[in-house]
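Read off the chains here:
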Amino acid sequence: MSDVPAIIHWMQNSDIGTGIRESIWLFPIVETTHVLALALSVGVLVWFDLRLMGWGMKHEPVSQIHKQVMPFAFVGFTIMILTGVLLFWSEAEKCYLSGFFRLKVLFLVLAALNAGIFELGTKKSIEDWDKYPVPPPKARMAGLISILSWTAVIVAGRATAYNLF
Amino acid sequence: MHFLLPLFQWSDQTWLGETIRNSRIYFPIIETFHLLALTLLFGAVIILNLRLCGIIMKNQPTWQVAQDLAPWAFWSLVVILISGILLFLSEALKCYASTPFQVKMLFLFTAIIYHFTIHRGVSRSDREPARAWGVIVGVVNVLLWLGVGLGGRAIGFL
């Protein structure tokens, strides 16, 4: 493949990239860890999002869910990013050329921006929300964007693996 | 010949199985629904068992958390089972020969039975379980579902 940037070509053919790609065990182990970390992080996060939207866990105060549950999502995200980088490294050229992988990165950025805005701004009044059954519109919107963008990340990720473009 | 072989052969030849097998996109699409529902269920399992182990949301009774998680978790399980059956029909004979598939089914049936009997009894009780008992019941539940997930991923690789 000639029409990829030099760094992508280098990653694909580096010791790390080739080692993971051609190992019988390494690729499946890294990939399985990636999926399990995804189920942990996104799985837990989605429940917080549902709570933000007023759709689930209504009896638990939203500030408490955020404080106690999100650290577990964070651990999952860290593992997911690390294993994701390794997976990309091993299939850099395939990923770079895949339309679905580009979509995946786009939605990851959207999810990160949404989370950043929530954590740095929207969240400030979270303890006031405990008094009401449903959080304010800006919080509900953050939950909705989070669920939709992570769903899109998973869909695009699967489509990348199957080379559907 | 194993007594279940005819069942696998029949599954492999169903109209649904053949339709999915002959399409390039049906399998990935169904698998994506399988994965999305699985993510939601796994999240619920983690949160509920963290509560059962007395690690998070200690101000809420366990039964309340269990009750709030139950409807979404139940419908996730329904989506997982339906999409899982469709995926199975499309490659039943491959599954027949697959050790990870057998391991996965063993974990799956154990996890479901355990979840709706022992685990449900403890997590829905009016009285909070003793700490150690809650931890044991919770950890076993997480490990069972983890076994299902690992077995499932291994079907695709081995």
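Reading guide: rules and limits
Residues numbered from 1 in each chain as written. Chains lettered and ligands numbered in written order. Predicted model: local features only at pLDDT ≥ 70, side-chain atom pairs only at ≥ 80, totals over all residues. Heavy atoms only, no water. Helix = DSSP H or I, 4+ residues; strand = E, 2+ residues; numbered from the N terminus. Buried < 20%, exposed > 50% of the residue type's maximum accessible area, 1.4 Å probe, protein only. Contact = heavy atoms within 4.5 Å. Lys, Arg positive; Asp, Glu negative; His and termini not counted. Charge placed at Lys NZ, Arg CZ, Asp CG, Glu CD. Polar contact = N/O pair within 3.5 Å; in protein donor to acceptor, adjacent residues only side chain to side chain. pLDDT = per-residue confidence, 0-100. Salt bridge = Lys/Arg side-chain N within 4 Å of Asp/Glu carboxyl O. Patch = residues over 30% accessible without salt bridge, like charges linked within 9 Å, V, L, I, M, F, W, Y side chains within 5 Å. Areas by Shrake-Rupley, 256 points an atom, 1.4 Å probe, with all protein chains shown as cover.

## Remarks on the overall build of chain B
Then, in step 1: When helices and strands are counted, chain B shows seven helices and zero strands.
Then, in step 2: Counting from the amino terminus, helix and strand elements in chain B follow one another as α-α-α-α-α-α-α.
Then, in step 3: The principal-axis extents of the C-alpha atoms in chain B amount to approximately 55 × 30 × 25 Å.
Then, in step 4: Out of the 158 residues in chain B, the part that is buried amounts to 50%.
Then, in step 5: Relative to all contacts within chain B whose residues are 6 or more apart in sequence, the contacts with residues 24 or more apart total 78%.
Then, in step 6: Taking the average place of the 11 positive charges on the side chains of chain B and the average place of its 7 negative ones, the gap between the two points comes to 7 Å.

## Some points on the side chain of A:S146
Residue and element names in this part refer to chain A.
Then, in step 1: Secondary-structure assignment places S146 in helix α8 (residues 137–161).
Then, in step 2: Side chain to side chain, S146 and D49 meet in a polar contact 2.6 Å long.
Then, in step 3: Apart from the residues within four sequence positions on either side, S146 is in contact with L45, D49 and N114.

## Focus on the confidence of the model for chain A
Then, in step 1: Here chain A averages 91 in pLDDT, while 98% of its residues score no lower than 70.
Then, in step 2: No element of chain A has a lower mean pLDDT than helix α7 (residues 126–129) of chain A, at 89, and none a higher one than helix α6 (residues 99–120) of chain A, at 95.

## Some remarks on the environment of A:L40
Then, in step 1: Here A:L40 is to be found in helix α3 (residues 26–52).
Then, in step 2: Expressed as a C-alpha distance, the spacing of A:L40 and A:F72, which sit 32 residues apart in the sequence, is 7.7 Å.
Then, in step 3: Leave out the neighbours within four places in its chain, and A:L40 touches A:F72, A:G76, B:F42 and B:I46.

## As for the pattern of salt bridges
Pairs can form between side chains of opposite charge whenever their charged atoms are close.
Then, in step 1: A full pass over the atoms with the stated rule returns eight salt bridges over all chains.
Then, in step 2: Taking the shortest distance from any N to any O, the salt bridge between A:E31 and A:R158 comes out at 3.7 Å. With a gap of 127 residues between them, A:E31 in helix α3 and A:R158 in helix α8 connect regions that are remote in the sequence.
Then, in step 3: For A:E31, a relative accessible area of 10% puts it in the buried group.
Then, in step 4: For B:R153, the salt bridge identified is with A:E31, shortest N-O distance 2.4 Å. Of the two residues, B:R153 sits in helix α7 (residues 131–157) while A:E31 sits in helix α3, which places them in two different chains. One exposure class covers both B:R153 and A:E31, and it is buried.

## Observations regarding a nonpolar patch on the surface
Then, in step 1: A surface patch of nonpolar side chains, amounting to about 590 Å² of accessible area, comprises A:I24, A:W25, A:I29, B:F157 and B:L158.
Then, in step 2: Here A:W25 lies in the loop between α2 (15–22) and α3.

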